[in-house]
Amino acid sequence: MHRLPAAPTLGDLEAGYMTRGRQIADCDAARRLAVETLLAERRAGEAAKRP
C-alpha cells in the first residue's frame, strides 16, 4: 500500500492518489478473476457429474 512521506507535497499527494487508485483497480481485477475462476470450476464440476 502506498504511503505518503511525513510532509507530503502536492506532487506527493497526486502521485499517492494515482498509485492508490491503481492498487484498488488491480485488487478489484484480481478479485473478479478469482470469482470467475471459482464459478467456472463449479460449472465444470457440475458438468462432469451429469451423465
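Before reading on, note that the structure itself is shown above.
Definitions and limits used
- Residues numbered from 1 in each chain as written.
- Predicted model: local features only at pLDDT ≥ 70, side-chain atom pairs only at ≥ 80, totals over all residues.
- Heavy atoms only, no water.
- Helix = DSSP H or I, 4+ residues; strand = E, 2+ residues; numbered from the N terminus.
- Rg over C-alpha atoms; globule rule 2.2 N^0.38 Å.
- Buried < 20%, exposed > 50% of the residue type's maximum accessible area, 1.4 Å probe, protein only.
- Lys, Arg positive; Asp, Glu negative; His and termini not counted.
- Charge placed at Lys NZ, Arg CZ, Asp CG, Glu CD.
- Salt bridge = Lys/Arg side-chain N within 4 Å of Asp/Glu carboxyl O.

Participant: Quick rundown of the overall build of the protein? Include the residues and the values.
Facilitator: Counting its secondary structure elements, the protein contains 1 helix and 0 strands. A globule of 51 residues ought to have a C-alpha radius of gyration of about 10 Å, yet the protein, at 20 Å, is considerably larger. Principal-axis analysis of the C-alpha atoms gives the protein an extent of 65 × 15 × 5 Å. Residues counted as buried form 4% of the 51 residues belonging to the protein. Taken as two groups, the 9 positive and 7 negative side-chain charges of the protein have centres that lie 8 Å from each other.

Participant: How would you summarise the environment of Pro8 if you had to cite specific residues and measurements?
Facilitator: Inspection of the secondary structure assignment puts Pro8 in the segment before α1 (10-49). The partly exposed category is assigned to Pro8, whose relative accessible area is 34%. Placed 24 residues apart in sequence, Pro8 and Arg32 show a C-alpha to C-alpha distance of 33 Å.

Participant: Explain the pattern of salt bridges to me, using residue names and the numbers behind them.
Facilitator: By the definition in use, this model includes 4 salt bridges. Of the charged contacts in the structure, one is a salt bridge between Asp26 and Arg22, with a shortest N-O distance of 3.8 Å. Remark: Arg22 and Asp26 occur in helix α1; sequence separation between them is 4 residues, near one turn of the helix. You can call Asp26 partly exposed: its relative accessible area is 48%. For Lys49, the salt bridge identified is with Glu46, shortest N-O distance 3.6 Å.

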